[in-house]
Amino acid sequence: QNMLEELLIHKPDDPIQYMIDHLKQNNDDAPRICVLGPPASGKTTVAMWLCKHFDAIRISQETLLFKEILALTEEAKVYKERKQEIPNALWANLIQERLSNVDCIKQGWILEGFPENQEQAWMLQSSGIIPRHVVVLYAPDTVLIERNSGKRLDPVTEEVYHTTFDWPSDLLVQQRLVEPEDLSEQEIAKKLLEYHRNFPGIFQIYQKVLKSINADQPSVDVLSQVLTYVQTRHRSAAPFTPRILFCGPPGSGKSLQAALIAQKYGVVNICCGQLLKEAVADKTKLGELVKPYIDSGYPVPDNLVMKILAKRLNALDCVTNGWVLYGFPRDIEQGEELQKSHFIPN
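Bear in mind that the values here come from a model prediction, so they are computed numbers and not experimental data. Counting restarts for each chain: residues are numbered from 1 in the order of the written sequence. Confidence filtering applies because this is a predicted model: local features only for residues at pLDDT of at least 70, side-chain atom pairs given and counted only at 80 or more, and all residues used for totals across whole chains, interfaces and linings. Just so you know, side-chain values use all the structure's heavy atoms and leave hydrogens and water out.

A. Here's a closer look at the sheet that holds strand E4 (residues 133-138). Paired strands are those between which DSSP finds at least two bridges. Comment: elements are numbered from the N terminus, with helices defined as DSSP H or I runs of at least four residues and strands as E runs of at least two. Spatial ordering of the open sheet is given by E2-E3-E1-E4-E7, a layout of five strands whose pairing is parallel. Across the chains shown, the open sheet's two edge strands, defined by having one partner strand only, are strand E2 (57-59) and strand E7 (210-214). Pairwise comparison of adjacent strand axes, ignoring direction, gives a mean angle of 20° for this sheet. Relative to E4, strand E1 (residues 32-36) runs parallel, the two sharing four bridges. Bridge pairing in E4 places Cys34 opposite Val134. Of the strands in this sheet, E1, E4 and E7 are in contact with helix H12 (residues 219-230), which crosses E4 at around 160°. Each axis is a line fitted through C-alpha atoms, and for a helix only the stretch in contact is used; angles between axes span 0 to 180 degrees, taken between their N-to-C directions. Working rule for contacts: check all heavy atoms of both residues, and any pair within 4.5 Å makes them a contact.

What follows is the structure in structure tokens.
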């Protein structure tokens, strides 16, 4: 799926060679995560922890401006020095340039605090930067304003601490902590207002891969919930034909559930026992072979059952719409027969 996304975005002149190169270079299992949220919600803490856990590359506005040597860094710094807003297009180009480096491709990336608005999100998408997971931290504004006032930064490790909630035990670390810039209550209130105004536009773009997590709880719980989410795999958007198998003891409700699923999703409902009776009633060749067993109450041999079942599962309606099957297999041998015939439930 990732390779198809890349093909559609970049439209290479030689798509076959492009796919070969993609398979050689890319690690499609590498994390591609955005960590978003209002000021003081804990984005840096979560992003740094994820980077350590996955051995991925953390990218934030600070790292792009002060840690990286990129072609566009100087241009962005000029805006910063003049205290002007850096244009969305420049941010998007900076991020694209950084994410195209080999370390990000191989190890994956954690993008912290970006995109900040819908326009930036669109620009990232059109550059082929599509996160697999978007984590959004949230907390009441009053909590965030209180948190912000006690925020302290370690200039050596870039880790964020708090005078009340998360004070380091190491005396050396305590001594070198500094207050970040823009700590006035008015400044944070202004940033929160801007965040709340922009968030609905971001949500609209990423809603299928976005998870909101309450940041107003112990950091261990926040990190645990974040990790659980980013380790989930989203189901592929590619169309697929459902092949559903219901197992369970007599009276457990297989036939009712199968009928409800068939009705709801338009798949073919197949009861193995009913199938055998229909074969006998229709007087087919296989039906004639099955009839003596059914009349005498003996179990029908697996090879006959499998032939009748295979014929039904190969029918056009089953192949096109999918199927839900119950009443077979009843034991491990029948299960193996089903596997050998390549009717594998998904």
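B. Focus on the packing of aromatic side chains. Pairing of aromatic rings covers Phe, Tyr and Trp, the last counted by its six-membered ring, and requires centre-to-centre distances within 6.5 Å; plane angles under 30 degrees mean stacked, over 60 mean edge-to-face, and any other angle means tilted. In this structure the tally under the stated criterion is three aromatic pairs. Relative to Phe199, the ring of Tyr195 has its centre 5.8 Å away and its plane inclined at 25°; by these criteria the two rings are stacked. One end of the pair, Tyr195, and the other, Phe199, are both in helix H11 (residues 185-206), four residues apart, so they sit about a helical turn from each other. Summarising the aromatic geometry, the rings of Phe199 and Phe203 are spaced 6.2 Å apart at their centres and angled 50° between planes, so their arrangement reads as tilted. Of this pair, Phe199 and Phe203 both sit in helix H11, four residues apart, roughly one helical turn. Whether a residue is buried, partly exposed or exposed follows from its accessible area with a 1.4 Å probe, protein chains only, as a fraction of its type maximum: under 20%, in between, or over 50%, in that order. Residue Phe203 is classed as partly exposed on the basis of its relative accessible area, which comes to 35%.

C. Main features of the environment of Phe54. Residue placement: Phe54 occurs in helix H3 (residues 43-54). Residue Phe54 is classed as partly exposed on the basis of its relative accessible area, which comes to 25%. Once residues lying within four places of it in the same chain are set aside, the contact partners of Phe54 are Pro31, Ile33, Gln107, Leu227, Val230 and Gln231.

D. Fine view of the sheet that holds strand E9 (residues 268-271). The strand order E8-E10-E9 describes an open sheet built from three strands, whose pairing is parallel. The sheet is open, and its two borders are formed by strand E8 (243-246) and E9, each paired with just one other strand. Looking at each pair of strands side by side, their axes are set apart by 20° on average, direction ignored. Pairing of E8 with strand E10 (residues 323-326) involves four bridges; the strand directions are parallel. Each bridged residue has a counterpart across the sheet, and for Arg243 the counterpart in E10 is Trp323. Sitting on the sheet, helix H16 (residues 302-313) touches E9 and E10, and the angle it makes with E9 is about 175°.

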